[in-house]
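Close look at the chain arrangement
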Amino acid sequence: MLPAASHSSFPPGTPHCHKLSLREELTSRQTALNSHHLHLTTVLMPLRLILILVAAGCTRLSADEPAAADNDLQRGAEIFAERCVSCHGERGEGVVDLCPKPIFGDKSNFELAQVISETMPEGEPEMCTGEDAEVVARWMQQAFYSPEAQARIHPPQIALSRLTVSQYRNTVADVAASFSWTAQPGDKHGLAAQYYKSRHFRNDEQAFDRIDPVVDFNFGEGTPDAEQIPGNEEFSVRWQGSLIVDETGWYDFVLKTENGGRLFVNDTDTPLIDAWVKSGDIREYRERLFLLSGRLYPIRLHWFTFKEPTASVGLWWRPPGGVDQPIPERCLTPEGSPTILVIDTPFPPDDRSSGYERGTYVSREWDEAVTYAAIEAAEDVQRMLGLLVNTKEDEGRPERLRQFAETFVTRAFRRPLTDELRQSYVTAQFEKSETPDEAVRRVVLLALKSPRFLYREVTGADDQFARASRLSFALMNSVPDAQLLQAAENGELSDEQAVRNQAWRLVSSYRSRTRLQEFLRSWMNLERLSDVSKDTEAYPDFTADVAFDLRTSLELLLREAVESDSDGFRKLLTTENVWLNHRLAEFYGVELPGDSDFHSVPFEPEYRSGVISHPFILSGFAYHSTSSPIHRGVFVSRGILGRALKAPPVAVAPLPPELNPELTTRERVTLQTSPAACANCHDMINPLGYALEEFDAVGRFRTTEKDRPIDDSGHYRDRTGEDQQFHGAKELAAFLVDSPETHRSFVRQLFHHMVQQPILAFGPDTVQELADFFKSTDFNMKQIMVEIAVRSAMHQNSADVASGNQETPTAGTH
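Residues numbered from 1 in each chain as written. Predicted model: local features only at pLDDT ≥ 70, side-chain atom pairs only at ≥ 80, totals over all residues. Heavy atoms only, no water.

Remarks on the overall build of the protein
Secondary structure assignment for the protein yields 29 helices and 18 strands. Looking at the protein as a whole, 54% of its 814 residues qualify as buried. Once local pairs closer than 6 in sequence are excluded, the contacts in the protein between residues at least 24 apart make up 72%. Carbon together with sulfur atoms contributes 50% to the accessible area of the protein, which is approximately 35800 Å² in total. (Helix = DSSP H or I, 4+ residues; strand = E, 2+ residues; numbered from the N terminus. Buried < 20%, exposed > 50% of the residue type's maximum accessible area, 1.4 Å probe, protein only. Contact = heavy atoms within 4.5 Å. Areas by Shrake-Rupley, 256 points an atom, 1.4 Å probe, with all protein chains shown as cover.)

Here's what the structure looks like:
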């Protein structure tokens, strides 16, 4: 008897395939003749087999397909019907009082055949072994066992989805930004600086201007330039430009000075830090801002000194999960940018039970959060009206505000307004309000609480505006921009090529690049590595600064891969370079000039290869004082190869090294995971992690442990049943980069990240088709992003509405 799945994939009322009525008739006839379903295969098997294979999509795929494959499938079906169907049902759906749970999963043919050999039939496993077990496993995979087979039997549906938290924040920001202009980072970095001979910023007293890479100066008792600013009693500087942010989260801004200064971030009128009144001592002024990734934020620092004995100024920050540091040159540009409307209202986290963010759950807490967020947005819009629309006090002001309100709702709803909607959301609010400003506030509140804004698709319509919305959310995680909406309004998204052209326009933007970088963080499982700390006795030099530098080093590799036009994917897994600064170079024994910023340099190229041997990954997936083949093996098997891993049957604490001081890490892990209950998963996990044992808990290369040579041999039984052997990180990476399992895992996870719907809802062959496309483009990540976005845009999401073409849902449904 085969092991049943842990949960049923056959919900009540789920329709069966189009041949079910005939199948039921055959089953009824067979049952009447023999209740055990065992001895009529010679009579009923030909027709029965045809029905099962047709329903599963397993008939001959082409005229030249080898007949042996068909023969194997037929033989597997016959053996299953003879020896297994009485307990498991014709499609593994289970039989009441015998084996009620259905059979499905993602084991390979080889692994499934092993299970069959050991367990089927119950009490007589010797009846189905060897070649019999292999052909049964192959037939089961295509008939009902694999996720693709399950998708053919019970097609997954595209779920009605609200905006996720990140989509909500991006959408509000982009709707507001659509009334302004868009800035993207250029080739220049640093801040534009204007130096003055006095404390006043007057043109006639300007000494010189330049671009400063960072703002972290200690002038002491002197001046920035003794020739152009000869006196040190007073001088001033004005720095301005934009802040480049690649990660969403809370940022601490720190102004360090004993003099006077004002710092403006994402607000051109009100300073974030106002230290204009001098203290006489070096002080740190700190404030926090929530910022969204993929955007530029205006930043301006005014600073002066007047008759103080010394002068210094430092513009620092603490990014999410980071440490205090001067804002680096790569995160600054002298180019200007508009103010961004950023919502920082706290939200409950989105559901990630499927392995990716989804907006399919609505709670009371979420409903309250969108209410408070709408209030915050309405207040910010009123505050920013002067930037968003010309609102001078004249006779035309009310009409301009009305036009602004109508455009705001149109862009929030992602389609033109009907007369009814215009009357309800705009005209009625202006009629009810005492002032146009109050009407704008009411319109924004009403629009942002509407299901037409909060839900991705509510009507099931497959028009060009729906296509524009699907395309934009896939590539930008937000609403369509003005150009994409205009294309939809002009009827230019009627065919796939037109949609593809728009996709290429979007994927080339800075926003889309940061979206891909966000996915790579998820693919690397970096959210689990927010606190990388080590035993201070074993690794006294591994400080918080070193840990954050390692995170920055990996981020720079991800950015490099994202910006590569053709070889980004291969670079991730095979590059021999690592981004190092002076601190990391000293820690890992690499020669770099003192105080060097980050540079991509060859780093132990004979041992390292890509992300699997990056010292941040190796440090993160390790214990405080020892390496961890288990954590590293799970990272490779689940994250890169995409293998499903069950939760441990029992919680087992790792064996402390001090209890077995004579054992190496490999020997200790082998001992700990030797019980049969552990072996099912650890026989795959451990050998993958063992290949990385040449690196210790902080990612340093080593050749011995416990005065014995490191054993870095590993292996992996792939889905074809072939045993892949490798030694060390380079051979492991060489296998991974060319493995079809890696390619399938990558495109599946990327699809889920972009579309936030189950990939099999777009067709049971979608994973393999996208993997084949990925390979055909030599693994170009931009091209696979475009392909995924176009497929999701052209796919009719009529199943988004639970009961057909029903009216829009309410935000407060629980």
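From this point, the narrative continues.
Brief notes about the environment of Phe-465
Topologically, Phe-465 is positioned in helix H15 (residues 464–476). A residue is classified by how much of its surface remains accessible, and Phe-465, at 15% relative accessible area, is buried. In this structure, the C-alpha to C-alpha distance between Phe-465 and Pro-480, residues 15 residues apart in sequence, is 9.0 Å. Leave out the neighbours within four places in its chain, and Phe-465 touches Arg-414, Arg-415, Pro-416, Leu-485, Ala-488 and Glu-489.

With respect to the nonpolar core
Counting 106 residues, the largest nonpolar core has Leu-475 and Ile-612 as the members making the most contacts within it. If sequence neighbours within four positions are ignored, Ile-612 has contacts with Ile-617, Leu-618, Phe-635, Ile-640, Leu-692, Ala-729, Leu-732, Ala-733 and Leu-736. By size, the runner-up hydrophobic cluster in this structure holds 47 residues, among which are Ala-369, Phe-408, Ala-412 and Phe-430. (Core = buried A, V, L, I, M, F, W, Y, C linked by side-chain atoms within 4.5 Å.)

A few points about helix H18 (residues 510–523)
With 14 residues, H18 ought to run about 20 Å at 1.5 Å a step, and its terminal C-alpha atoms sit 20 Å apart, in line with that. Taken across its 14 residues, H18 has eleven buried, putting it largely inside the fold. For H18, the complete set of buried residues consists of Tyr-510, Arg-511, Ser-512, Thr-514, Arg-515, Leu-516, Gln-517, Phe-519, Leu-520, Arg-521 and Trp-523. Of the residues trailing H18, Asn-525 is marked for its positive phi of about 60 degrees. (Expected span 1.5 Å × (residues − 1).)

What about the pairing of strand S1 (residues 191–196)?
With six bridges joining them, S1 and strand S2 (residues 206–212) adopt antiparallel strand pairing. Bridging from a neighbouring strand, Leu-191 pairs with Asp-212 of S2. Pairing geometry for S1 and strand S4 (residues 234–245), over five bridges, is antiparallel. When the sheet's bridge partners are listed, Gln-194 is paired in S4 with Arg-238. (Pairing = 2+ DSSP bridges.)

What about the packing of helix H27 (residues 740–755) against helix H28 (residues 766–776)?
Remark: H27 packs on H28, axes separated minimally by 9 Å, with the N-to-C direction vectors making an angle of 110 degrees. The orientation of H27 with respect to H28, classified from their angle, is roughly perpendicular. H28 is crossed by H27, and the crossing has right-handed handedness. On H28, the residues touching His-743, Arg-744, Phe-746, Val-747 and Phe-751 of H27 are Val-767, Gln-768, Leu-770, Ala-771 and Phe-774. (Axes fitted to C-alpha atoms, helices over the stretch in contact; angles between N-to-C directions. Parallel < 35°, antiparallel > 145°, perpendicular 65-115°, else oblique. Left-handed = near helix turned anticlockwise from the far one by under 90°.)

Comments concerning helix H5 (residues 109–119)
All of the buried residues along H5 are Glu-111, Leu-112, Ala-113, Val-115 and Ile-116. The secondary structure elements touched by the buried residues of H5 are helix H6 (130–145).

Thoughts on empty space enclosed by the protein
What the rule picks out here adds up to eight cavities of 30 Å³ or more. Taken as a whole, the largest cavity holds about 320 Å³ of empty space. Glu-247, Pro-319, Arg-330, Cys-331 and Glu-555 are, among the 20 residues lining the largest cavity, the residues nearest its centre. Within the residue set of the lining of the largest cavity, elements represented by two or more residues are S4, H18 and helix H19 (544–563). (1 Å grid on protein atoms, 1.4 Å probe; cavity = no way out; pocket = protein on both sides within 12 Å on 5 of 7 lines; lining within 4 Å. Points joined across faces, edges and corners; volume = space filled by probe spheres on them.)

Digging into the packing of aromatic side chains
The description of an aromatic ring pair rests on the distance of the ring centres and on the angle between the ring planes. A full pass over the atoms with the stated rule returns 37 aromatic pairs. With a centroid separation of 5.5 Å and 75 degrees between ring planes, the pair formed by Tyr-168 and Phe-453 is classed as edge-to-face. Separated by 285 residues along the polypeptide, Tyr-168 in helix H8 (residues 165–177) and Phe-453 in helix H14 (residues 451–454) bring together distant segments of the chain. Accessibility expressed as a relative area gives 0% for Phe-453, which makes it buried. Ring geometry for Trp-523 and Phe-746: centres 4.9 Å apart, planes at 85 degrees, overall edge-to-face. Pair noted here: Trp-523 is in helix H18 and Phe-746 is in helix H27, with a separation of 223 residues, a long-range link. Using a relative accessible area of 1% as the deciding quantity, one classes Trp-523 as buried. Among the aromatic residues, those joined into a cluster by ring pairs are Tyr-195, Phe-208, Phe-217, Phe-219, Phe-235, Trp-239 and Trp-303. The residue whose ring lies beneath Arg-300 is Phe-264, and the NZ or CZ to ring-centre distance is 4.1 Å. (Phe/Tyr/Trp six-rings, centres within 6.5 Å; stacked < 30°, edge-to-face > 60°. Lys NZ or Arg CZ within 6 Å of the ring centre and 35° of its normal.)

Looking at the confidence of the model for the protein
When pLDDT is averaged along the protein, the result is 87, and 88% of the positions lie at 70 or above. For the stretch residues 1–65, pLDDT sits under 50, and the model shows 100 contacts to residues farther than four places along the chain or on other chains. Predicted confidence for residues 798–814 stays below pLDDT 50, and this span has 37 contacts to residues more than four positions away or in other chains. (pLDDT = per-residue confidence, 0-100.)

Here's the deal with the state of the cysteines
A covalent bond bridging the sulfur atoms of two cysteines is what the word disulfide describes. Enumeration according to the criterion identifies zero disulfides in this entry. Considering cysteine sulfurs only, Cys-84 is the nearest to Cys-128, which forms no disulfide, with 5.7 Å between them. On the basis of relative accessibility, which here comes to 0%, the residue Cys-128 falls in the buried class. (Disulfide = S-S within 2.5 Å.)

So, the side chain of Asp-712
Take Asp-712: it is sitting in the loop between strand S16 (708–709) and strand S17 (713–717). Arg-666 provides the closest opposite charge to the buried, salt-bridge-free Asp-712, at an N-O distance of 6.6 Å. Of the polar contacts made by the side chain of Asp-712, one reaches the side chain of His-727; its length is 3.5 Å. The contact partners of Asp-712, leaving out residues within four places of it in the chain, are Arg-666, Tyr-690, Ala-691, Glu-694, Phe-726, His-727 and Gly-728. (Lys, Arg positive; Asp, Glu negative; His and termini not counted. Salt bridge = Lys/Arg side-chain N within 4 Å of Asp/Glu carboxyl O. Polar contact = N/O pair within 3.5 Å; in protein donor to acceptor, adjacent residues only side chain to side chain.)

Topic: the side chain of Gln-464
Looking at the secondary structure, you find Gln-464 in helix H15. Of note is the side chain of Gln-464, whose polar atom sits 3.2 Å from the backbone nitrogen of Glu-492. Within the structure, Gln-464 has its side chain in polar contact with the backbone nitrogen of Leu-493 (distance 2.6 Å). Not counting residues within four places of it along the chain, the set of residues in contact with Gln-464 comprises Ala-487, Ala-488, Gly-491, Glu-492, Leu-493 and Ser-494.

Describing the pattern of salt bridges
Under the counting rule described, the total for this entry stands at 51 salt bridges. For Asp-367, the salt bridge goes to Lys-449, with nearest N and O atoms at 3.0 Å. Here the residue Asp-367 occupies a position in helix H9 (residues 364–383), and Lys-449 occupies one in the loop between helix H13 (436–448) and H14, the gap between them amounting to 82 residues. The exposure class of Asp-367 is buried, given its relative accessible area of 17%. Via salt bridges that share partners, Asp-252, Lys-256, Glu-284, Arg-286, Arg-288, Arg-318 and Asp-324 belong to a single interconnected network.

A word on unusual backbone geometry
Following Met-120, the chain continues to Pro-121 via a peptide bond in cis, the omega torsion being -10 degrees. For Pro-121, the position within the fold is in the loop between H5 and H6. The backbone of Lys-706 shows a phi angle near 55 degrees, a positive value even though the residue is not glycine. Locating Lys-706 in the fold gives a position in the loop between strand S15 (704–705) and S16.

Remarks on the environment of Arg-91
Topologically, Arg-91 is positioned in the loop between helix H4 (85–88) and H5. With 62 residues separating them in the primary sequence, Arg-91 and Ile-153 have C-alpha atoms 9.1 Å apart.

Describing the environment of Arg-138
Counting through the fold element by element, Arg-138 comes out in helix H6. Residues contacting Arg-138, with those up to four places away along its chain left out, are Asp-72, Leu-73 and Asn-109.

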